[in-house]
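# Structural description and commentary
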Amino acid sequence: MKKILLALILLAFSFSLFAVNRVVNPGFESWSDMYHADNWSNDSSAVFWIERDNFRLGGFYSLLANILTQDQTVCNVYSDTIGISPSDTYTFSTYFYDNDPAVRATMYVRYFDSNKNYHSASWSSIYTIDNADWQLLTKDFIVPSGVYYAVLGFRFYDIEASWDGDGYINVDSVYFGNDKEVPTNIPPSINSHTYSPGTVYE
């Protein structure tokens, strides 16, 4: 009986580890050019832009956000639309490399109804900190009733007390999913939520 119970626990644990990641291009491995990540969009101007960077947590690339403004409303990166289920809970996690005291980043989710009309947004209250290591931000989001689509977002902020005119943050290994969704024949991705950071590449 104990062996059966242990097997069931391990099975449940393995399901939670390998839940489906709903994000397309979660590790920013695919780019149409140096400044446009496939399946992602961003505010783009002379004071905020993204680019492909060889400094990464895993894979070959990460996304590098360049912040040259204190107006955070124009400093957003966001995913393609993702199908979700109303009232379900989804985990949203991302690795950031923020070794810059002038800026910080956070995550948010924008919700849309069945006709893809905007419904509402939910923001994480957790921000990156100035740190010489990759850091993982993670938050569970409960989908409101009547919501069937989501867009994931990152927003980048200046830190007024230490603002020096510019800031830079790398983003890698995005995950969005829940443990109800278990793949049948999908191998785990090195850029998924289950990736254990080892060597940081430059």
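A quick note: this is a predicted structure, and the numbers were derived from the prediction, not measured. (Residues numbered from 1 in each chain as written. Predicted model: local features only at pLDDT ≥ 70, side-chain atom pairs only at ≥ 80, totals over all residues. Heavy atoms only, no water.)

### Focus on the overall build of the chain
We count it as follows: Here a strand is any run of E in DSSP of at least two residues, a helix any run of H or I of at least four, and the numbering for each starts at the N terminus. Contacts between residues were defined by any pair of non-hydrogen atoms, one from each residue, lying within 4.5 Å. For every accessible area listed, the method is Shrake-Rupley and the probe measures 1.4 Å; residues are considered covered only by the protein chains on display.
Of the regular secondary structure elements, the chain holds 1 helix and 13 strands. Counting from the amino terminus, the chain carries its helices and strands in the arrangement α-β-β-β-β-β-β-β-β-β-β-β-β-β. By sequence separation, contacts in the chain at least 24 residues apart represent 75% of the contacts at least 6 residues apart. Summed over all atoms, the accessible surface of the chain reaches about 10500 Å², with 54% contributed by carbon and sulfur.

### Let's talk about the pairing of strand S9 (residues 103-112)
Going by this rule: The buried label applies to any residue whose accessible area, calculated with a 1.4 Å probe on protein chains only, is under 20% of its type's maximum; exposed applies above 50%, and partly exposed to all values in between. Strands qualify as paired when DSSP identifies two bridges or more between them.
Among the 10 residues that make up S9, 8 are buried, leaving the element largely enclosed by the rest of the structure. Across 5 bridges, the pairing between S9 and strand S10 (residues 118-123) is antiparallel. Counted as the bridge partner of valine 109 is serine 122 from S10. What sits between S9 and S10 in their antiparallel hairpin is a turn of 5 residues, with lysine 116 showing a positive phi close to 65 degrees.

### Points about the sheet that holds strand S11 (residues 135-142)
Strands pair in a sheet through their backbones, by hydrogen bonds, and they do so in one of two ways: parallel or antiparallel. Applicable threshold: Every angle, taken between N-to-C directions, lies between 0 and 180 degrees, and every axis is a line fitted to C-alpha atoms, over only the stretch in contact when it is a helix.
The 5 strands lie next to each other as S4-S5-S13-S8-S11, forming an open sheet whose pairing is antiparallel. Two strands in the sheet have a free side with no partner beyond their single neighbour: strand S4 (48-53) and S11. Neighbour to neighbour, the strand axes of the sheet diverge by 30 degrees on average, direction disregarded. Strand direction decides the pairing type here: strand S5 (residues 62-67) and strand S13 (residues 167-177), joined by 5 bridges, are antiparallel. Considered in S13, the bridge of isoleucine 67 is made with glycine 167.

### Topic: the environment of isoleucine 67
Within the element layout of this structure, isoleucine 67 appears in strand S5. A relative accessible area of 0% means that isoleucine 67 is categorised as buried. Sequence separation between isoleucine 67 and phenylalanine 48 is 19 residues, and the spatial gap between their C-alpha atoms is 5.0 Å. Not counting chain neighbours up to four residues away, the residues in contact with isoleucine 67 comprise Val47, Phe48, Cys75, Val103, Phe156, Trp163, Gly165, Asp166, Gly167, Tyr168 and Ile169.

### Comments concerning unusual backbone geometry
Its identity is not glycine, yet asparagine 25 carries a phi of approximately 60 degrees, on the positive side. As for its placement among the helices and strands, asparagine 25 is situated in the loop between helix H1 (2-17) and strand S1 (31-33). Looking at asparagine 25, the relative accessible area reads 11%, which means it is buried. In this model, lysine 116 sits at a positive phi of 65 degrees, which is unusual for a non-glycine residue. Position of lysine 116 relative to the elements: it lies in the loop between S9 and S10.

### Some words on the side chain of threonine 106
For threonine 106, the location among the structural elements is in strand S9. Classification of threonine 106 as buried rests on a relative accessible area of 0%. If sequence neighbours within four positions are ignored, threonine 106 has contacts with Trp123, Ser124, Ile126, Tyr127, Leu137, Gly153, Phe154, Arg155 and Tyr157.

### Focus: the packing of aromatic side chains
Definition in use: Pairing of aromatic side chains requires ring centres within 6.5 Å, counting the rings of Phe and Tyr and the six-membered ring of Trp. Pairs whose planes differ by under 30 degrees are stacked, by over 60 edge-to-face, and all others tilted. Definition used: whenever NZ (Lys) or CZ (Arg) falls within 6 Å of the ring centre and also within 35 degrees of the ring normal, the charge is taken to sit over that ring.
One pass over the full model with this rule turns up 14 aromatic pairs. With 5.7 Å between their ring centres and 55 degrees between their planes, tyrosine 97 and tryptophan 134 make a pair best called tilted. In this pair, tyrosine 97 sits in strand S8 (residues 89-97) while tryptophan 134 sits in the loop between S10 and S11, placing the two residues 37 residues apart along the sequence. Comparing tyrosine 97 with tryptophan 134 shows no difference in burial state: the two are buried. Directly above the aromatic system of tyrosine 127 lies the positively charged group of arginine 104, at a separation of 3.9 Å from the ring centroid. One Lys or Arg, arginine 104, reaches over the ring of tyrosine 157 and ends 5.7 Å from the middle of that ring.

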